[in-house]
Every structure is written in C-alpha cells, then in structure tokens.
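If you want the building blocks of each chain, they are given just below.
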Amino acid sequence: MHTEIAINEVKNCFENKLSEALNLIKVSTPLVLSEGNGINDNLNGEERIVSFDALDIKNKRIEVVQSLAKWKRMALGRYGFTFGEGLYTNMNAIRRDEVLDNLHSMYVDQWDWEKVISKEQRNLHTLRTEVEKIYQAIKATEEYMHKFHSDLEPVLPNDIYFISAQELEIMFPQLTPKEREDVIAKEHGAVFIMQIGDVLASGEKHDGRSPDYDDWTLNGDIIVWNPVLEKAFELSSMGIRVDEHSLLKQLKIANNEDRAVLQYHKSLLDGKLPYTIGGGIGQSRLCMFLLKKVHIGEVQASVWNEQIIKECQESNITLL
C-alpha cells in the first residue's frame, strides 16, 4: 500500500509539472479506434495490433490503441489549438507482441502529449528546448519525492546531455546500440539521443521508428542511468512530427508508400493538420525509476507468464 500511495504521488506531481512547463491541457482520449484509417500508431511496423469486431459496428474491425501519436495531432487541429498550446492525456494500450521482462509489460501506460508549433520552429533548437523542460519536470518530481521519502535519494544530474545516434556510433563503433546507451548514460547520468529511425553510417539502425509520426532528423529518446538496475533506462520517446516532405521521404525509405492514401496521411499531405511536437513519457517507467523498483510489475498491474511470477517470488519482488 505504501507503494500504491507513492505511485499516485509521483503521477500527480509530474503531471502538474509537465502541464505547467509545456502549457498543456489534459483531455480525454480513446482506448479503441476504427481499423484502416491510419490513425492508430503501428510502432515499428511489425507488431500485431489487438483488434476485434463489435456487435453494433458493421463491416469494420476495432483496434486497441498502441499509442496516440497520430490521434493527438488530429485532435489539436480539431479542437482549434494554436501555436504554443498543447494537450496531454493518460494513454493506456495493449501491446500483444511485447517480450515480457522486468522493463516490458504488455500493458502500456504513459503520458501522451502533443503541442502546436510553427513550420519555422521545426528545428533542433525547439526539440532541445522542450526536452530540457521535460527533464526539469522529472528532476522536480525526484526532489519532491525525496522531500517526503528521505530514502529516495536524488541521482539525476542538473542538466541532460545531448548527442545524436550517429555521433554515438562514431564514438563506440564496436558496441551495439544498447551497449552505447549504457556507456553514455552512465557517463552523463541523463542523455537525449537524437535522430533515431534512419540507417546509420554502419548500415544499421540505432532503433526502429514508425515512418509516419516522428521526423527522424528531429526526434530522440530521454534516457537516464538507473543505478538500481545498473543500466540505461528509457523514460520517453519524442520528437517534432513529420511535415509533408519528411512523411513522403520516410514512407519511401520504409517501403510504406501505400499508406499515403489513408485518412491521417492524406490530411497531413493536404495541409489540414498543424505542425506539432510530441511524445510519450512512460508512467510506470518513471515510477520505477523514482521509487527505485527493479521490476515494472511492482508499479503496475498486468499479466505475467509463470516463469516471471516464479522468479519474482524467489527474489521477494511483489507484483501488483
């Protein structure tokens, strides 16, 4: 019960800090979407989306959301948000193809946020500015929790370090992308790895990204060093969203040009959607980090296989 109370403390504090720092309004969001309009996020493009038919919806399947990257951008236009204004929500999703371990659950909970920017603001300066605001909100929440729970010692540095995925590969060509993240996160404590999705000079990708929401030249991940787990720990994936040119370019690279006729993509190409920046911040991930937990099941209720349940029992880890 102490953990449940602390989870609420983290979420309430961070939500307030985030909305204030980024000028965001909380809105209601869907758990399900209609199939076939391109609004649901297909993540890396390989995951199977959970879908079903419904009694009173004819000739159309319903999908459980995987994230709300595209829905949020459409909502900003529909609700009439203007420059510098944005929204955020509690996003809940089911990812059936997630490989379960102490960091990954099939149940996903995150703060999904999106903010209107001008075309001229589609640059690295804007990206870095918003990253720094989010990072300071995380730091303020860490300090808040320490104030009321003295055993939760702060570990985050004052500032977050910025580096591109390509620069990271040049520094550590012999390491895998995940090993590079471990090295750079341990050295700096907190890092934003930029420009993820496209192929690096080595011919490999740092990580996969869907071609139709983040601009691969203007995105990245907020990663911190987790001293409890002794590894790099991702808290957020975010970026400036694709414009008409980067959408077509990335669809071609990903061999997904057929998506251009879908509702979301057509609206974007026709200039009907605002230019935006946005991302997702893991709720359970943040709680894990700030409450110094070793398993994501300690801060969220989900379904686990028998092997994980057995290992947690043997290690005295309490799953919610």
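These remarks concern the structure in this document. What you see is a predicted model; the values in this text were computed from it and never measured.

A separate point is helix H6 (residues 244–253). Those residues of H6 that fall on the buried side of the exposure criterion are Glu244, Ser246, Leu247, Gln250 and Leu251. Looking straight down H6, one finds that the buried residues subtend no more than 165° of arc, so they occupy a single side. In this structure, H6 carries His245, Lys249 and Lys252 as exposed residues pointing more than 90 degrees from its buried face. Between the side-chain oxygen at the start of H6 and the backbone nitrogen of His245 there is a gap of 3.2 Å, and the oxygen is on Asp243. One or two positions beyond H6, positive phi appears at Asn255, with a value near 60°.

The subject of this paragraph is the sheet that holds strand E4 (residues 57–64). Pairing within the open sheet is antiparallel, and its 3 strands lie in the order E2-E4-E3. Only two strands of the sheet have a single partner each, and these edge strands are strand E2 (32–34) and strand E3 (51–54). Across this sheet, the average inter-strand angle for adjacent strands is 40°, counted without regard to direction. Alignment of E2 against E4, held across 3 bridges, turns out to be antiparallel. Counterpart to Leu33 in the pairing with E4 is Glu63.

For any two helices packed against each other, the geometry is given by the interaxial angle and the distance between the axes. One way to put it is that helix H1 (residues 2–22) packs onto helix H8 (residues 283–290) with a least axis distance of 10 Å and a crossing angle of 115°. Crossing handedness for the pair H1 and H8: right-handed. Where H1 approaches H8, its residues Ile7, Val10, Lys11 and Phe14 are matched on the opposing element by Gln283, Leu286, Cys287 and Leu290.

Turning next to the environment of Gln263. The topology assignment puts Gln263 in helix H7 (residues 263–269). Considered as a pair, Gln263 and Asn37 are 226 residues apart in the sequence and their alpha carbons are 5.1 Å apart. In contact with Gln263, not counting residues within four places along its chain, are Asn37, Ile39 and Met74.

Right, let's get into the nonpolar core. In terms of nonpolar packing, the biggest core is built from 50 residues, with Trp113, Ile134, Phe192, Met238 and Leu291 touching the most fellow members. No other element matches the 7 residues that helix H3 (residues 124–148) contributes to this core. Residue contacts for Ile134: discarding those within four places in its chain leaves Phe14, Leu18, Leu22, Trp113, Ile222, Met238 and Ile281. Judged by nonpolar contacts, the second largest core, of 22 residues, contains Ala75, Leu247, Tyr264 and Leu273.

Summed over the entire model, instances satisfying the criterion amount to 5 aromatic pairs. With a centroid separation of 4.9 Å and 55° between ring planes, the pair formed by Phe14 and Trp111 is classed as tilted. Here the residue Phe14 occupies a position in helix H1, and Trp111 occupies one in strand E6 (residues 107–116), the gap between them amounting to 97 residues. Trp111 shares its class with Phe14; the two are buried. When the ring of Phe233 is compared with that of Phe289, the centres are 6.1 Å apart and the planes differ by 25°; the resulting orientation is stacked. Here Phe233, found in strand E10 (residues 231–241), pairs with Phe289, found in helix H8; they are 56 residues apart in sequence, far enough to count as distant.

Within this structure, the stated rule accounts for 0 disulfides. For Cys312, which is in no disulfide, the shortest distance to another cysteine sulfur is to Cys287 and amounts to 17 Å. For Cys312, a relative accessible area of 3% translates into the label buried.

We now examine empty space enclosed by the protein. This structure, assessed with the given rule, holds 1 cavity of 30 Å³ or more. Empty space within the largest cavity amounts to approximately 50 Å³. What lines the largest cavity is simply Glu142, Met145, Leu152, Glu153, Pro154, Val155, Phe289, Leu290 and Lys292. Here the lining of the largest cavity is composed, by residue class, of 6 nonpolar, no polar and 3 charged.

Criteria and cut-off values
Residues numbered from 1 in each chain as written. Predicted model: local features only at pLDDT ≥ 70, side-chain atom pairs only at ≥ 80, totals over all residues. Heavy atoms only, no water. Buried < 20%, exposed > 50% of the residue type's maximum accessible area, 1.4 Å probe, protein only. Helix = DSSP H or I, 4+ residues; strand = E, 2+ residues; numbered from the N terminus. Arc of directions from axis to C-beta. Polar contact = N/O pair within 3.5 Å; in protein donor to acceptor, adjacent residues only side chain to side chain. Pairing = 2+ DSSP bridges. Axes fitted to C-alpha atoms, helices over the stretch in contact; angles between N-to-C directions. Left-handed = near helix turned anticlockwise from the far one by under 90°. Contact = heavy atoms within 4.5 Å. Core = buried A, V, L, I, M, F, W, Y, C linked by side-chain atoms within 4.5 Å. Phe/Tyr/Trp six-rings, centres within 6.5 Å; stacked < 30°, edge-to-face > 60°. Disulfide = S-S within 2.5 Å. 1 Å grid on protein atoms, 1.4 Å probe; cavity = no way out; pocket = protein on both sides within 12 Å on 5 of 7 lines; lining within 4 Å. Points joined across faces, edges and corners; volume = space filled by probe spheres on them. Nonpolar A, V, L, I, M, F, W, Y, C, P; charged D, E, K, R; others polar.

Keep in mind that these numbers describe shape and distance, not what the molecule does.
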